[in-house]
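Coordinates in review
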Amino acid sequence: MKVVKDEYLISRETQLIYAVYDECGNENTLVLEQYRKLKVLKSVKELLEDNCEFHGCTLEGKFGAAKTVLKGKRMLPLCLSATFRICLFPTHSAEKSECMWISVNHIRDIIPYKDKSIVVFENYDRVVVPVSYDVLTMKKAFASDLLNTYINNQDKLENTLNLGRISDPISGIDRLPS
């Protein structure tokens, strides 16, 4: 049974989100998590915008940052949080109703299937995606590159900040030199 919610925070558990339409033609969002399915009473775009705002940015800002890292690429992935490893990539243009947003860290395998692909998630859920194997693996690679760039930059910053610290083994306190 699906849980119905008014709000939803995309998290590490989120595997896939995509548009579904109710009997009145209103767009809602279906969310596939590792252990449950949810229906969110918002459009996919509204859900993504809300989640970007939660993380302190706009959807346009997140895409602008991705464009800086993935120069010249289109249909950019969306890295909501490098710290929590939350990065989704679109299967189609975000404006198209058939667009699915897949979390890069939940993919166990991508299997070619005719002119489509089957995404196998870490929990062995399977979803047929109407995109060729080559295109889907390329999109996954772009999302991985974006996420890894952010993670590596965080590591570089942390290493830079730690260079000037002096460790005091007696008190167990790290401090900056005076």
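Residues numbered from 1 in each chain as written. Predicted model: local features only at pLDDT ≥ 70, side-chain atom pairs only at ≥ 80, totals over all residues. Heavy atoms only, no water.

- As named in an unreviewed UniProt entry, the protein is Competence protein ComK, taken from Metabacillus bambusae.

Structural notes on the pairing of strand S7 (residues 100–103)
- Covered by surrounding structure in S7 are Met100 and Ile102 together with Trp101 and Ser103, the residues of both alternating faces.
- Two strands pair when backbone bridges link them, and strand S2 (residues 14–21) and S7 are joined in this way by 3 bridges, in the antiparallel orientation. Within S7, the position partnered with Tyr18 by the bridge is Met100. (Buried < 20%, exposed > 50% of the residue type's maximum accessible area, 1.4 Å probe, protein only. Helix = DSSP H or I, 4+ residues; strand = E, 2+ residues; numbered from the N terminus. Pairing = 2+ DSSP bridges.)

Side note on the pattern of salt bridges
- This structure, assessed with the given rule, holds 4 salt bridges.
- Between Arg36 and Glu33 there is a salt bridge; the shortest N-O distance is 2.7 Å.
- A residue is classified by how much of its surface remains accessible, and Arg36, at 36% relative accessible area, is partly exposed.
- For Glu33, a relative accessible area of 8% translates into the label buried.
- Notably, a salt bridge pairs Lys42 with Asp50, separated by 2.2 Å at the nearest N-O pair.
- Take Lys42: its relative accessible area is 14%, and that puts it in the buried class.
- Salt bridges sharing common partners tie together Glu7, Lys42 and Asp50. (Salt bridge = Lys/Arg side-chain N within 4 Å of Asp/Glu carboxyl O.)

Describing the nonpolar core
- If you look at the biggest cluster of nonpolar residues, it comprises 26 residues, and the most contacted ones within it are Ile102, Val129 and Leu136.
- Those elements that place two or more of their residues in this core are strand S6 (86–90), S7, strand S8 (107–113), strand S9 (116–121), strand S10 (126–129) and helix H3 (133–163).
- No other element matches H3, which puts 7 residues into this core.
- If sequence neighbours within four positions are ignored, Ile102 has contacts with Gln15, Leu16, Cys87, Leu88, Phe89, Thr91, Ile107, Val119, Phe121, Val129 and Leu136. (Core = buried A, V, L, I, M, F, W, Y, C linked by side-chain atoms within 4.5 Å. Contact = heavy atoms within 4.5 Å.)

What to know about the pairing of S9
- Among the 6 residues in S9, 5 count as buried, and that is most of the element.
- Two strands pair when backbone bridges link them, and S8 and S9 are joined in this way by 6 bridges, in the antiparallel orientation. When the bridges of S9 are listed, Ile111 appears paired with Ile118.
- Joining the antiparallel neighbours S8 and S9 is a turn of 2 residues, in which Lys114 adopts a positive phi near 55°.
- Bridge count between S9 and S10: 4 bridges; the pairing is antiparallel.

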